[in-house]
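# Observations on chain architecture
Residues per chain, in single letters:
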Amino acid sequence: MQASDLALIKDAVKLAGRVATSYVGPAAQSWDKPEGAGPVTEADLAVNAALEGVLRAARPTYGWLSEETEDDGDRLTRDTVFIIDPIDGTRSFVEGSRTWAHSVAIAHHGQITAAAVYLPMRDKLYSAALGQGAFHNDTAISVSQADDLPSAEVLATKPVVSPEHWPSGFPGFSRSHRPSLAYRLGLIAEARFDLMLTFRPTWEWDIAAGVLIVTEAGGTCTDKTGAPLRFNNQEPTVNGVIASGPVLHRKVLEALAPATPGAP
């Protein structure tokens, strides 16, 4: 089923790209969501509707969790669930940038089994199925083998470098940023960067697909404490994300660990 699920969602994200690019980013109608939840555009809603129509027709027994669909809790009764971000990086879309993405994942009993992330303006398709490796435009990819945190190339927002997170001092790594979390995880999977960090509570739809792509590329993804990531939670968030190769991941956790009382 994983192979057919992957084929389905790869086609779906390509459809999403055709829908989204039929709108002109800055010209698309946009408005702010309630409670400071960020912007949404008519393109987000059109993509969501297109994905829901295709995917739910193909897999009517699967649940549905999407950033742009009101969550009625039905997904919690399903063994298998679509987890969707119609446009990840909506601000980037509105600005006319090329770094927004479509993210579609399938979770079975909390574990991601198939994933696709597509950047139509860059013609970049990341994909993975559980146990079958990760791919960028059909070429197999693997994570960086970097093992030194201070010299690592890291994707993170500015708050990540705050001293409060690093009991033994900030490691001094080089920081870059991309608006889309799904894209950031794809860049880790293809070893364009060594490490991705976010310490804030993170919506499942932002990372579900990217997490499988990184792990199938040989990487390690956990929450910010090192705990495994599970999906289709009642509150659909996780406690931050650390994504990198296994050795670097261990060193990040060591650097984040609280100082031992009495240690020099």
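The structure displayed is predicted, hence computed values, not measured ones. (Residues numbered from 1 in each chain as written. Predicted model: local features only at pLDDT ≥ 70, side-chain atom pairs only at ≥ 80, totals over all residues. Heavy atoms only, no water.)

What the rule picks out here adds up to eight salt bridges. Taking the shortest distance from any N to any O, the salt bridge between Arg56 and Glu52 comes out at 3.0 Å. Taken as a pair, Arg56 and Glu52 lie in helix 2 (residues 42-58) at a separation of four residues, close to a single helical turn. On the accessibility criterion, Glu52 (22% relative accessible area) is partly exposed. Ionic pairing is found between Asp74 and Arg78, a salt bridge with its closest N-O pair at 3.0 Å. Take Arg78: its relative accessible area is 25%, and that puts it in the partly exposed class. A network of salt bridges, in which partner residues are shared, links Lys124, Glu190 and Arg192. (Salt bridge = Lys/Arg side-chain N within 4 Å of Asp/Glu carboxyl O. Helix = DSSP H or I, 4+ residues; strand = E, 2+ residues; numbered from the N terminus. Buried < 20%, exposed > 50% of the residue type's maximum accessible area, 1.4 Å probe, protein only.)

Let's shift gears to unusual backbone geometry. A positive phi angle, close to 50°, is found at Asp123, a residue other than glycine. In this fold, Asp123 is placed in the loop between strand 6 (111-119) and strand 7 (124-129). Assessed through its relative accessible area of 48%, Asp123 is described here as partly exposed. Even without being glycine, Asp138 reaches a positive phi, approximately 75°. According to the relative accessible area criterion, Asp138 is exposed, its value standing at 59%.

With that out of the way, let us pick up the packing of aromatic side chains. Using the criterion set out here, one finds eight aromatic pairs in the structure. Measuring from centroid to centroid gives 5.2 Å for Tyr62 and Phe82, while their planes differ by 50°, and the two rings are tilted. In this pair, Tyr62 sits in the loop between helix 2 and strand 3 (63-66) while Phe82 sits in strand 4 (residues 80-88), placing the two residues 20 residues apart along the sequence. Here Tyr62 falls in the buried class, since its relative accessible area comes to 7%. For Phe82, a relative accessible area of 0% translates into the label buried. Through a chain of ring-to-ring contacts, three or more aromatic side chains come together here, namely Trp166, Phe170, Phe173 and Phe199. Between Lys14 and the ring centre of Tyr118, over which it is positioned, the NZ or CZ distance is 5.5 Å. (Phe/Tyr/Trp six-rings, centres within 6.5 Å; stacked < 30°, edge-to-face > 60°. Lys NZ or Arg CZ within 6 Å of the ring centre and 35° of its normal.)

Here we take up the sheet that holds strand 4. Spatial strand order, 3-4-5-6-7-8-9: seven strands in an open sheet with mixed pairing. Among the strands making up the open sheet, the edge pair consists of strand 3 and strand 9 (139-141). The average undirected angle you get between the axes of adjacent strands in this sheet is 20°. Strand contacts of helix 4 (residues 181-189): strand 4, strand 5 (101-108), strand 6, strand 7 and strand 9, with the helix running at about 75° to strand 7, the strand carrying the most contacts. Helix 5 (residues 204-216) rests against strand 3, strand 4, strand 5, strand 6, strand 7, strand 8 (134-136) and strand 9 of the sheet, and its axis sits at about 100° to strand 6. (Pairing = 2+ DSSP bridges. Axes fitted to C-alpha atoms, helices over the stretch in contact; angles between N-to-C directions. Contact = heavy atoms within 4.5 Å.)

Grouped together as the largest cluster of nonpolar side chains are 40 residues, with contacts concentrated most on Ile83, Ile112, Ile213 and Phe231. Elements supplying a minimum of two residues to this core: strand 4, strand 5, strand 6, strand 7, helix 4, helix 5 and strand 14 (237-244). Per-element tally for this core: the top contributor is helix 5, with eight residues. Leaving out residues up to four positions away in the same chain, Ile112 has contacts with Ile83, Ala105, Ile106, Ala107, Leu130, Ala208, Leu212 and Phe231. Counting residues in each nonpolar core, the second largest holds 28 residues, with Ala12, Ala20, Ala46 and Leu55 among its members. (Core = buried A, V, L, I, M, F, W, Y, C linked by side-chain atoms within 4.5 Å.)

All right, on to the pairing of strand 12 (residues 195-203) then. Looking along a regular strand, one sees the side chains alternate between the two faces of the sheet. For strand 10 (residues 153-155) and strand 12, the ladder comprises two bridges, and the chain directions are parallel. Bridge pairing in strand 12 links Leu155 to Met196. Note that strand 12 and strand 14 share seven bridges and pair antiparallel. In the strand pairing of strand 14, Thr202 is matched with Val238.

Take it as geometry only, folks, not as evidence of what the structure does.
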